[in-house]
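Listed below, chain by chain, are the residues.
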Amino acid sequence: MIERSPFFDALTYAVMIIGLILVVIPFWVVIVAASQSLQEVSRVPISLLPSDQLWANLSEAWARADLGPKMLNSFIVAIGVTIGKITLAAMSAFAIVFFNFKARMICFWLIFITLMLPLEVRIVPTYAIAANALLPFQVILDTFGISWLVQAVSGIQVSLNWNLLNSYTGLILPLVATATGTFLYRQFFMTIPDELAEASKMDGASAMEFFRDVLIPLSRTNMLALATIMFVGSWNQYLWPLLITTDRANFGTVVMQLKALIPAQNGTPDWNVTMAGALIIMLPPLLVVAFMQRWFVRGLISRDK
Amino acid sequence: MERRAVYRNKVLPWLLIGPQLLLVLVFFYWPTSQALYWAFTLEQPWGGGNLWAGLDNFLYIFRDDRYWGTVLRSAFYALAATGLSMLVALTLASFVDRALKGTKLFQSVFIWPYAIAAPAAGVAFRFIFSPEAGLVGAVNDIWPGIWDPATNGMHALAMVIVCHAWLGIGYNFVFFLAALQMIPRSINEAGAMDGARPFRRMLDLQLPLIAPTAFFLLIMNIISSFTDSFGLIDTMTEGGPIGQTEVMVYKIYVDGFKGLDYSGAAAQSIVLMLLVIGLTFVQFKWVERRVHYN
């Protein structure tokens, strides 16, 4: 604050309070509706004060949408994507920044370009690849006549097949295959002074020791930021899990269950149960963001330019 | 990115970068090239491989009025959601940047929408805007039939756009606030010394200085409105009423997975890809030219 201006200060608070109401209203409505009984939630206009049915609605939503196993699936996918992405991103950024090899720039661009096209844009063909993840290699073998050669020599017909539909691998891998993390790590590694690498070399540490004992501990803040972004992003995935899991009972995630909780056109309008379900489903990423805010904000910003 | 101290090793970098390259190849480059292949060929209904179709798939969708409807709708959706979300986020960030007492609390709440899954927000907003329920729907008690997203396409589209804009507030707010806090304090003080009131300084000093961030956000928001709208549309309207909220991503999904028209869906994917690539390209060009803070 530079000068005293009581009027402008009052305006500032007014705007922030209006903003707070705008942002909080949906959360408030979800909580209030989730705590009301069917009669209360169907009243027009609705009361904006919480009632006492929260626990009953939560357990009803939990049972109706089978949220127990679905929660577990969501956690497995979100944690799998987070760990997978951090590991791969750190490794490939290390290779790109600290190694001198011929194809370095090509590799960087091959990975970087994937930032441009989100999964949603290429959803149809990605689905086809999930039905058989080894298809590209089969095609390569076929084109170069290797499968023919193998068959002629050994009599074995080469047919590579790895179906990812209805599997955790299929839910996780395509979400790992983007460059966000790699880019974040690259930006961070670029800020490491040369002297550090030189010193560690002089002390006789190998490349991997430098990576493990110096870079990884230094990048802890980045790791937390990336972990938050990845956890939230993968927990909230909708379109991809919807396509790749035909076996909803065993491999469905919680976010997919939201639609099943919406009251049917001519059914009971029990929005209180729907909102209770929504509350359960939106809570884990919200808690992660609320607790990790300090680190994650920094990571989000340094991700781009 | 040149460094003096680097490791020289023929095998190790490939072991490190190999897994990621492999994933990118299988789940990015292969599907993208596959989309191209499908877009230019037609699958025969009784099997026997794809027939070369040239530009027919594209001509087919370009001659379809329904397709142009989704394109225009997506463009309107993108502009409206982006404008609304950025305006709210910028306003909030400008005032939070004054760092008055208690601002920290507001600041952390303004980030919350970032954490919410689009379908979860979609379900919540569907209830809030439901014509039968007691929130926005209560206006129907005063003026019967004034609000009905279930039959009125404009109402339905407005509802989805408001929800999308709300979801974007957190992300936009974080970037705007960071950009505002990057402005040296001395510039603001100099402005105050010259007699500029706080509001004048916001408009004439801070806004121009965060223009690069605003432009970056503009492009990111437009791209995300074109690509991320599926979760909202699917939980709120399913493209209805009578297709009046069908946007490009949703039509790709419907044509590809419900209609099993892979060639048509692939052609539409290519159009959307070109659009996204074009927007990204514009951003890089612009950032190259204009990012001179000092």
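Note that the structure is predicted; figures quoted are calculated from it, not measured.

Draft legend 1. Quick peek at the interface of chain A and chain B. Taken together, the contact between chain A and chain B spans 117 residues of the former and 104 residues of the latter. Viewed at the interface, chain B and chain A are joined by 3 salt bridges. For A:K259, the salt bridge is made with B:D234, and the minimal N-O distance between the two is 3.1 Å. For the interface between chain A and chain B, the tally reads 17 residue pairs in polar contact (both at pLDDT 80 or more). A per-element tally of the side of chain A that touches chain B places helix α1 (residues 6-34) of chain A first, with 18 residues.

Draft legend 2. View of the packing of aromatic side chains. Using the criterion set out here, one finds 42 aromatic pairs over all chains in the structure. The interplanar angle of 75 degrees and the centroid separation of 5.2 Å between the aromatic rings of A:W109 and A:F112 together place this pair among those described as edge-to-face. Of this pair, A:W109 and A:F112 both sit in helix α5 (residues 104-112), 3 residues apart, which is roughly one turn of that helix. Clustering of aromatic rings is evident, with ring pairs tying together A:F94, A:F98, A:F99, A:Y185, A:F188, A:F189, A:F210, A:F211 and B:Y7.

Draft legend 3. Layout of the layout of surface pockets. One number sums up the size of the second largest pocket: a volume of about 680 Å³. Lining the second largest pocket are 25 residues; nearest its centre among them are A:Q265, A:W271, B:R126, B:E132 and B:A150. For the lining of the second largest pocket, the secondary-structure elements that each account for two or more residues are α7 (153-182) and α11 (230-236) of chain B. No other element matches α11(B), which puts 3 residues into the lining of the second largest pocket.

Draft legend 4. Local environment of the packing of helix α11 (residues 194-202) of chain A against helix α12 (residues 207-218) of chain A. All names here are of chain A. In the contact formed by α11 and α12, the axes pass within 11 Å of each other and the chain directions differ by 150 degrees. Between α11 and α12, the angle falls in the class roughly antiparallel. As for the relative orientation of α11 and α12, their crossing is right-handed in sense. Here α11 contributes L196, A197 and S200 to the contact with α12, which in turn contributes F210, V214 and L218. Its residues assigned to classes, the contact of α11 with α12 shows 5 nonpolar, 1 polar and no charged.

Draft legend 5. Summary view of the packing of helix α7 (residues 135-143) of chain A against helix α1 (residues 12-39) of chain B. Interaxial distance between α7(A) and α1(B) falls to 10 Å at its minimum, and their mutual angle equals 90 degrees. The angle between the axes of α7(A) and α1(B) places the two elements in the roughly perpendicular class. Across the interface between the two elements, A:L135, A:P136, A:F137 and A:V139 from α7(A) touch B:L22, B:V26 and B:W30 from α1(B). A breakdown of the residues in the contact of α7(A) with α1(B) according to their chemical character gives 7 nonpolar, no polar and no charged.

Draft legend 6. Unusual backbone geometry, seen in detail. All names here are of chain A. Within the chain, D66 stands out as a residue other than glycine whose phi angle is a positive 55 degrees. By the element assignment, D66 lies in the loop between α3 (54-64) and α4 (67-98). Given a relative accessible area of 33%, D66 falls into the partly exposed group. Its identity as a non-glycine residue notwithstanding, N166 has a phi of 50 degrees, on the positive side.

Draft legend 7. Fine view of the pattern of salt bridges. Residues and elements named next belong to chain A. Under the defined criterion, the tally for this structure stands at 11 salt bridges over all chains. In this structure, the salt-bridge partner of E60 is R64, at a minimum N-O distance of 3.0 Å. Here R64 and E60 lie together in helix α3, a separation of 4 residues that amounts to about one turn. Residue classification places E60 among the partly exposed positions, given a relative accessible area of 35%. Residue R64 is classed as partly exposed on the basis of its relative accessible area, which comes to 39%. One continuous salt-bridge network, built from bridges that share partners, spans E60, R64 and D270.

Reading the values: rules and limits
- Residues numbered from 1 in each chain as written.
- Chains lettered and ligands numbered in written order.
- Predicted model: local features only at pLDDT ≥ 70, side-chain atom pairs only at ≥ 80, totals over all residues.
- Heavy atoms only, no water.
- Contact = heavy atoms within 4.5 Å.
- Salt bridge = Lys/Arg side-chain N within 4 Å of Asp/Glu carboxyl O.
- Polar contact = N/O pair within 3.5 Å; in protein donor to acceptor, adjacent residues only side chain to side chain.
- Helix = DSSP H or I, 4+ residues; strand = E, 2+ residues; numbered from the N terminus.
- Phe/Tyr/Trp six-rings, centres within 6.5 Å; stacked < 30°, edge-to-face > 60°.
- 1 Å grid on protein atoms, 1.4 Å probe; cavity = no way out; pocket = protein on both sides within 12 Å on 5 of 7 lines; lining within 4 Å.
- Points joined across faces, edges and corners; volume = space filled by probe spheres on them.
- Axes fitted to C-alpha atoms, helices over the stretch in contact; angles between N-to-C directions.
- Parallel < 35°, antiparallel > 145°, perpendicular 65-115°, else oblique.
- Left-handed = near helix turned anticlockwise from the far one by under 90°.
- Nonpolar A, V, L, I, M, F, W, Y, C, P; charged D, E, K, R; others polar.
- Buried < 20%, exposed > 50% of the residue type's maximum accessible area, 1.4 Å probe, protein only.

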